[in-house]
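Residue-level structure breakdown
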There are 2 protein chains.
Amino acid sequence: MVGSPLLGKVHRGAAVVLTTQPHRPQIPRLTMEKTKVAIIGLGTVGSGVARLLLDHGDRTARHAGRILWLEKAVVRDLAKPRDCELPESVTLTDDIEAVIADPEIKVVAQLIGGLEPARTIMLKLLESGKDIVTANKALLAEHGAELFDRARELGRSIAFEASVAGGIPIIANVSQCLSANQITSLHGILNGTSNFILSKMHEDGASYEEVLPEAQRLGYAEADPAMDVDGSDAAQKLAILAHLAFGARVHWKDIPRTGIDTLDLADVRYAEEMGYKIKLLAVADLVDAGLELHVSPTLVRAGSPLAEVGGPMNAVRVDGDAVGRVMFYGPGAGQMPTASAVVADLIDTAVGRTELTFKTLELWSDRQARVASSDYANARGRFYLRATVEDHPGVLSQVTSALGAEDISIASVLQHEPLPGEDVIPLVIMTHETTEGAAAKACEEINKLKASQGPTVRMWVRD
Amino acid sequence: MVGSPLLGKVHRGAAVVLTTQPHRPQIPRLTMEKTKVAIIGLGTVGSGVARLLLDHGDRTARHAGRILWLEKAVVRDLAKPRDCELPESVTLTDDIEAVIADPEIKVVAQLIGGLEPARTIMLKLLESGKDIVTANKALLAEHGAELFDRARELGRSIAFEASVAGGIPIIANVSQCLSANQITSLHGILNGTSNFILSKMHEDGASYEEVLPEAQRLGYAEADPAMDVDGSDAAQKLAILAHLAFGARVHWKDIPRTGIDTLDLADVRYAEEMGYKIKLLAVADLVDAGLELHVSPTLVRAGSPLAEVGGPMNAVRVDGDAVGRVMFYGPGAGQMPTASAVVADLIDTAVGRTELTFKTLELWSDRQARVASSDYANARGRFYLRATVEDHPGVLSQVTSALGAEDISIASVLQHEPLPGEDVIPLVIMTHETTEGAAAKACEEINKLKASQGPTVRMWVRD
Ligand SMILES: NC(=O)c1ccc[n+]([C@@H]2O[C@H](COP(=O)([O-])OP(=O)(O)OC[C@H]3O[C@@H](n4cnc5c(N)ncnc54)[C@H](OP(=O)(O)O)[C@@H]3O)[C@@H](O)[C@H]2O)c1
Ligand SMILES: NC(=O)c1ccc[n+]([C@@H]2O[C@H](COP(=O)([O-])OP(=O)(O)OC[C@H]3O[C@@H](n4cnc5c(N)ncnc54)[C@H](OP(=O)(O)O)[C@@H]3O)[C@@H](O)[C@H]2O)c1
């Protein structure tokens, strides 16, 4: 019946089953054991988590068999208005020590963004005996090795479902539900901002520059959207998934990545004409040579499930050698979807499931990588190329011989009309299967032609 | 890279990391603790499970932190050839007592179909202290209350991921990953046989009678496909999901259900003309009056995610009040997809996660239903009606006044040409929102008209 988060329905106390103290709505059943919880950071995600804990204690109690009792919340600025109402039972403080020093707080939702002080706070929390739930993918992608090793040494756990694909439970699915499989491929739309912008470019024929401000206005893109649109955010998430699904040991900065920030509307149009949609795909493919990892704008065949993921939604397609192909789809960010993932982790941690899972997770463990990253230049696939050339006889043959020199055979060439007011023509070429390295080399050669009037655009094609 | 189960790659011992006894490929690391496992039933699913355990011990060891050691397998007929090769270390027997009496076997995959002796065997296994993993939805839908109560009394667990939607981990997702949500709606394509037949009717314009034998030949439909195509199988799975997601206490036989076995190709064509595909949807919608549950052939708007689920695939769309809308897609049956789910459950059980989860699951517990089933007649929605009437002036007005009498307003009427050689005409009506009861009543009245030449077809419409 209801498709979007029922934010309007989150009423304080409304869902509580039984309470003798109407002013403390977080007590569903007085006889139940309590697990005391703290939240660090009451921003977008933190205040969503607080609302779920405070207003829906009956749910968490039912699924955890115990009360998740919000004891303390830590912020930077005590005076700032918050998107949640805290009852008197919750201590709001700007002093992280108040949590660290409280031995009764067992589980902490660490919901500050960025690297520092998030890293130092995480280490201190672990050292004071807390289990941690976090949504901070940047922190995990950068300092995962240190944090996970420390947690293991201390016998503590870190849960991080919310760090990848927001409301889609991809971490649990990859690390538990599909554990009978060798995962052979994982393709994800992992950045909602980029997907929103791409969807709008396709639907409205608007340029990147036109759509970006709308994405910011709607709260999909951050004030500084650089990490979202240049592929870094997707690469951070892909690194986490590659650790989990393949036992890779890769730093996100070593993942080849291209964003959508330089995407030209013309290529969106040409892709559409040929029956494709452009998506920012995070790709992990297990091949004989190892694990191919990259984040790339990609022409995905219209009508295929990933192509039809619109707006700010995320999706992950996973191939396992036993299960075959499965796909997970849902909101990749936003207050309540992300809070949904954080609270599921809090429940798992309170119940004791996280502890069991964490022990066997290979994430950043000192175990050796089970798979090496393969050389990106050897990655095989089809490519879309758009050369921008002068409109002379003989130019087409120069371009095609540059491809021939790299042994690239051509599936189709479309010579488009010159853009109005320009005398250069866009030459759109779809290749047959080749390697990334050969395609890159051929583009370099095309760019060196005298007739070339701008860098050749190159994108992956997935049919 | 690889989309379908790599059955060909399942080689004995191929994936074993370290073994000093080459004839016992199931030992990945000799120092690891063992959890001894038995399989009851080495049919389609059972032999797939055996292959994963035997050939991929390294995977299960990695995820469980211990060896899942296949100790015994029980079958009815010892002489029958099996779809898996058992090493000498595995005892093949036709005597269930050999498992029951073995105190070292802690976890049993119960993979016999049907109600008896499956039920009696399950009870005996629980009583002898085993935790159970099963794929038998019919047994759970029929005797779930007894089995789950007994398991709880005995402090044992039953895991059943494979019982609904095969390879899609919908049980774990609904009962754990989305536990911060009030689930408000769950729509599923839960029967692969029906979906395969419907997809073929749409793609090839073939009739139900023409496609059914193909479904049987390809192994999608059983020799007796009645439960698949009459909606019973989907209703059994829906009952399990309704228990989990909504705390309902409903027997599958009380879920109103219509199958695809009476579906006319003409309606497939008319639906397509109007931009819809017919899907067998299992629906659970939480409304003010309670939980609406039914299984119905439904016109689903083409291009929407559920409409595009083709072939024998399954999908489940879940709306949660925090997460919004998520969707899970994958193979709903088949040897290795189902085995993937069974082995994930075996790992969860060996690790100890199942025990923790099972305690808080509300499935068939003696806790009161959290939600009552609402009266199906009050379920609201749009309907597709096809009346078959004589081609007389005035008939259309008789039909529309039958609808008017039930306060049903009409969105569109399409009067089709009489079918060749017949002098009756099909009158296709799309209603505006009304209730199921009113639509049923109106159809009855239309059927009573003198001009009526056959029962009026009625299906739900989902835009
Ligand atoms: N927003 C999403 O949709 C989403 C989705 C998935 C993952 N995430 C991740 O979730 C994390 C939080 O994101 P968000 O959107 O909630 O960020 P946000 O709205 O900026 O909130 C951050 C919160 O952290 C607090 N904080 C910062 N430094 C602190 C310090 N030194 N001590 C105490 N509190 C401090 C801030 O306090 P003040 O309010 O007092 O300044 C603020 O409440 C990030 O890692 C983000 O990547 C977010
Ligand atoms: N096949 C699928 O794709 C699928 C998907 C999801 C769920 N499931 C469920 O999984 C279960 C098994 O399905 P299946 O397709 O594997 O069935 P199957 O191929 O018919 O295999 C059933 C097995 O049980 C054995 N068996 C029957 N009665 C027995 C008894 N009294 N004692 C010992 N063994 C006995 C049979 O032994 P013999 O071989 O010696 O006769 C056979 O090996 C069913 O509940 C089914 O609904 C199946």
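What counts and what doesn't
Residues numbered from 1 in each chain as written. Chains lettered and ligands numbered in written order. Predicted model: local features only at pLDDT ≥ 70, side-chain atom pairs only at ≥ 80, totals over all residues. Heavy atoms only, no water. UniProt positions renumbered as here; feature names shortened; annotations may be inferred. Near = heavy atom within 4 Å. Polar contact = N/O pair within 3.5 Å; in protein donor to acceptor, adjacent residues only side chain to side chain. Areas by Shrake-Rupley, 256 points an atom, 1.4 Å probe, with all protein chains shown as cover. Nonpolar A, V, L, I, M, F, W, Y, C, P; charged D, E, K, R; others polar. Least-squares fit on C-alpha atoms with pLDDT ≥ 70 in both. Contact = heavy atoms within 4.5 Å. Helix = DSSP H or I, 4+ residues; strand = E, 2+ residues; numbered from the N terminus. Buried < 20%, exposed > 50% of the residue type's maximum accessible area, 1.4 Å probe, protein only. Pairing = 2+ DSSP bridges. Buried area = accessible area lost by both parts, 1.4 Å probe. Salt bridge = Lys/Arg side-chain N within 4 Å of Asp/Glu carboxyl O. Domains from an automatic or database assignment.

In the nomenclature of an unreviewed UniProt entry, chain A is known as Homoserine dehydrogenase of Adhaeretor mobilis. The UniProt entry for chain A carries the following comment under Sequence similarities (unreviewed entry): "Belongs to the homoserine dehydrogenase family." In UniProt, chain A has this text filed under Catalytic activity (unreviewed entry): "L-homoserine + NADP(+) = L-aspartate 4-semialdehyde + NADPH + H(+)".

Some remarks on the site of ligand 1
Residues and elements named next belong to chain A. Around ligand 1, 21 residues are found, and the nearest of them are Val45, Arg76, Asp77, Arg82 and Gly334. Residue Lys80 places a side-chain N or O atom 3.0 Å away from an oxygen atom belonging to ligand 1. Contacts to ligand 1 include Lys137, whose side-chain N or O atom sits 3.3 Å from an oxygen atom. Here ligand 1, which alone exposes 900 Å², has 78% of that area covered by the protein. Tallied by class, the residues present in the shell around ligand 1 amount to 9 nonpolar, 7 polar and 5 charged.

A closer look at the relation of the copies chain A and chain B
Once turned by 180° and shifted 0.0 Å along the axis, chain A lies on chain B with an RMSD of 0.0 Å. In symmetry terms, the pair is related by a two-fold rotation axis. By residue overlap, the copies meet face to face through one surface: 100% of the interface positions of chain A are interface positions in chain B.

A short note on the UniProt feature "binding site: L-homoserine" (unreviewed entry) in chain A
Residue and element names in this part refer to chain A. Within this numbering scheme, the UniProt entry marks Glu222 as carrying the feature "binding site: L-homoserine" (unreviewed entry). With respect to the helices, strands and loops of the structure, Glu222 is situated in the loop between helix 8 (208-217) and helix 9 (226-229). Here Glu222 falls in the exposed class, since its relative accessible area comes to 54%. Among all residues touching Glu222, those that are not within four sequence positions of it are Gln216 and Asp228.

Points about the sheet that holds strand 4 (residues 105-110) of chain B
All names here are of chain B. As summarised here, the arrangement of the 6 strands in space is 3-2-1-4-5-6, forming an open sheet in which the pairing is parallel. The sheet is open, and its two edges are formed by strand 3 (91-93) and strand 6 (158-159), each paired on a single side. Across 7 bridges, the pairing between strand 1 (residues 34-40) and strand 2 (residues 67-74) is parallel. Paired with Ile39 across the bridge in strand 2 is Ala73.

Examining the interface of chain A and chain B
At the interface, 57 residues of chain A touch 57 residues of chain B. Regarding the contact of chain A and chain B, the summed buried area is about 5,000 Å², with carbon and sulfur atoms giving 55% of it. Summed over the shared surface of chain A and chain B, the number is 2 salt bridges. Notably, a salt bridge pairs Asp321 of chain A with Arg59 of chain B, separated by 2.6 Å at the nearest N-O pair. The interface formed by chain A and chain B contains 15 residue pairs in polar contact (both at pLDDT 80 or more). At the level of elements, helix 2 (57-64), helix 6 (170-177), strand 7 (183-189), strand 8 (276-287), strand 10 (313-320), strand 11 (324-331), helix 12 (335-351) and helix 13 (353-360) of chain A are the ones that each hand at least two residues to the side of chain A that touches chain B.

As for the domain arrangement of chain A
Residues and elements named next belong to chain A. Partitioning chain A into domains gives domain 1 (5-163), domain 2 (179-330) and domain 3 (376-462). The C-alpha-based centres of domain 2 and domain 3 are spaced at 23 Å. Contact with domain 2, which involves 22 residues of that partner, is made by 18 residues of domain 3. When the buried area of domain 2 at its contact with domain 3 is split by residue, Tyr270, Met274 and Leu299 rank highest and sum to 34% of it. Between domain 2 and domain 3 we count 3 salt bridges in total. If you list the elements that add at least two residues to the side of domain 2 that touches domain 3, you get helix 11 (265-273), strand 8 and strand 9 (290-301). With 9 residues, the single largest contributor to the side of domain 2 that touches domain 3 is strand 9. Taken together, the residues of the side of domain 2 that touches domain 3 break down into 12 nonpolar, 4 polar and 6 charged.

With respect to the UniProt feature "binding site: NADP(+)" (unreviewed entry) in chain A
All names here are of chain A. When the UniProt feature table is mapped onto this chain, "binding site: NADP(+)" (unreviewed entry) is found at Ile40, Gly41, Leu42, Gly43, Thr44, Val45, Gly46 and Ser47. Relative to the assigned elements, Gly43 resides in the loop between strand 1 (34-40) and helix 1 (44-55). Gly43 gets classed as partly exposed once you look at its relative accessible area, which sits at 38%. Take Val45: it is sitting in helix 1. Setting aside residues no more than four positions away along its own chain, Val45 makes contact with Leu111, Thr338, Ala339 and Val342.

Quick look at the site of ligand 2
All names here are of chain B. Around ligand 2, 22 residues are found, and the nearest of them are Val45, Arg76, Asp77, Arg82 and Gly334. Gly43 is positioned with one of its backbone polar atoms (N or O) 2.9 Å from an oxygen atom of ligand 2. Within the backbone of Val45, one N or O atom sits 2.8 Å away from an oxygen atom of ligand 2. Here ligand 2 has 900 Å² of accessible area as a free molecule, and 78% of this is covered by the chains.

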